[in-house]
Each structure stands twice: as structure tokens, then as C-alpha cells.
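Now for the letters of each chain:
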Amino acid sequence: MAKVELKQPVVQEIADHVDGAQSVVVVDYRGLTVAQDTQLRKELREAGVVYKVYKNTLMRRAFEGTDFAALDPVLEGPSAIAISKDDATAPARILAKFAKTADALEIKAGVVEGGFYDAEGMKAISAVPSREELLGKLLGSIQSPITNFARVINQIAEQGGAANCEAAPAEEAPAEEAPAAEAPAAE
């Protein structure tokens, strides 16, 4: 009974972390050096991602009744979880990038916005840019035509502004009047 009482706060801690989480990624961290682990934790923390090592049985218990229960089959051997409540792709992106330099780190699977993804699926998700990057690209594509328009207007202003704009219609007007003047002469 005492063991269950000691484990209950840990199960509650895990449940609190995953409550409202957009994504949870399970990794096998065996073989990471202390320096690598420290660097990984730092990168995840800076992105607002919670990274913890828990016993698999306690994670299973905390995941019961949630979308994250789909992770039960991959909870074998040493497992750590990376949890994000803000950016659904952040854990996968950071872990996949880190795994390129640290071969020992292996992404097992994850649940992103309610959907289960195996290791290959998590690789695909890690390629999705962050929300901020996507918004930046959108803003850039919106600003580009506006910036080009402003440049053109500025060039017109530098070359004489309205005088050039008025001169063009004045030149066209005589060309239009000339055929009209010739018509009465032909009668």
C-alpha cells in the first residue's frame, strides 16, 4: 500500500503535464552522454517543452483514458517523454534535429493533436515548420506585393511625381482628337 501511495503523486504529475498537451513524444535516450542530455534538456526547455524520464508503468497509468494511451505499446525499455502544450511540432522538431548529432537518441512514437504517429510519422511531423515560422512566411508573402508597390510609387515620386503622371494623359488626348478633327474635313 505504501508503494501505491508514493507512486500516486508521480502519476498525477504526469497527468498534469499531459493535460491540455498538444503533443507528447516518447524517446529512447539510452547511450546519451551527460553533456548531450544536458544540451537536449536545455534546447527543449527553451522551446517550452517539458522533458522527463518516468517509469513506463506510471506513464501508462497517467495516460489511461486520454489520447496518449495510444503510446502504451512503445513504452518498453528506458523511455522519456517530451510534452508541449503550445507548439504541437516543437518536441518532434527539436528531438529529430538533436538525433542527427546524437545517434543514441531514438524517437519511438508520439501523439500530436490527438493522432498517433510511429517513428516514421514523427520524422514527417518534425519537418513541419513552427507556427511562428509559418506566420513569418505568410506575413512575408503578404508584405512582398505591398513593398513592391511602395517602391514603384517611390520611384514615380522621385522622377517628378504627378507631373509625369499628368503629362501622359495630355499626350494621349491630342492623338485622340486628331482623328476626330480629320473626320469633318473629309465631308
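For the structure itself, consult the block above.
Residues numbered from 1 in each chain as written. Predicted model: local features only at pLDDT ≥ 70, side-chain atom pairs only at ≥ 80, totals over all residues. Heavy atoms only, no water.

## With respect to the pairing of strand E1 (residues 23-28)
The element E1 is extensively covered by neighbouring structure, given that six of its six residues are classed as buried. Because side chains alternate across E1, one face comprises the buried residues Ser23, Val25 and Val27, and the other comprises Val24, Val26 and Asp28, equally buried. Where E1 lies against strand E3 (residues 80-84), five bridges are found, and the strand directions are antiparallel. Its bridge partner lying in E3, Val24 is registered against Ile83. Pairing between E1 and strand E4 (residues 106-112): six bridges, direction antiparallel. Looking at the pairing, Val25 lines up with Gly110 of E4. (Buried < 20%, exposed > 50% of the residue type's maximum accessible area, 1.4 Å probe, protein only. Helix = DSSP H or I, 4+ residues; strand = E, 2+ residues; numbered from the N terminus. Pairing = 2+ DSSP bridges.)

## Observations regarding the sheet that holds E1
Read across the sheet, five strands follow the order E2-E3-E1-E4-E5 without closing on themselves; strand pairing throughout is antiparallel. Each edge of the sheet is formed by a strand with only one pairing partner; in this case those strands are strand E2 (50-53) and strand E5 (115-118). In this sheet, adjacent strand axes meet at a mean angle of 20° when their direction is disregarded. On top of the sheet, helix H4 (residues 90-101) reaches E1, E3 and E4; it is set at about 25° to E1, its chief contact. (Axes fitted to C-alpha atoms, helices over the stretch in contact; angles between N-to-C directions. Contact = heavy atoms within 4.5 Å.)

## Side note on unusual backbone geometry
Apart from glycine, the bulk of residues carry a negative phi angle, and the bulk of peptide bonds sit in the trans form. We note that Glu113 has phi near 50°; this positive angle belongs to a residue other than glycine. As for its placement among the helices and strands, Glu113 is situated in the loop between E4 and E5.

## Some remarks on the environment of Leu58
If you trace the backbone, Leu58 turns up in helix H3 (residues 56-63). Accessibility expressed as a relative area gives 7% for Leu58, which makes it buried. Separated by 47 residues in the primary sequence, Leu58 and Val11 have C-alpha atoms spaced 5.5 Å apart. Setting aside anything within four residues of it in sequence, one finds Leu58 in contact with Lys7, Val10, Val11 and Ile14.

## Brief notes about the packing of helix H2 (residues 34-46) against H4
In the contact formed by H2 and H4, the axes pass within 10 Å of each other and the chain directions differ by 155°. The angle between H2 and H4 places the two elements in the roughly antiparallel class. The handedness of the crossing between H2 and H4 comes out as right-handed. Between H2 and H4, the contacting residues are Gln36, Gln39, Leu40, Glu43 and Leu44 on the first element and Pro91, Ile94, Leu95, Phe98 and Thr101 on the second. Each residue belonging to the contact of H2 with H4 can be placed in one class, and the counts come to six nonpolar, three polar and one charged. (Parallel < 35°, antiparallel > 145°, perpendicular 65-115°, else oblique. Left-handed = near helix turned anticlockwise from the far one by under 90°. Nonpolar A, V, L, I, M, F, W, Y, C, P; charged D, E, K, R; others polar.)

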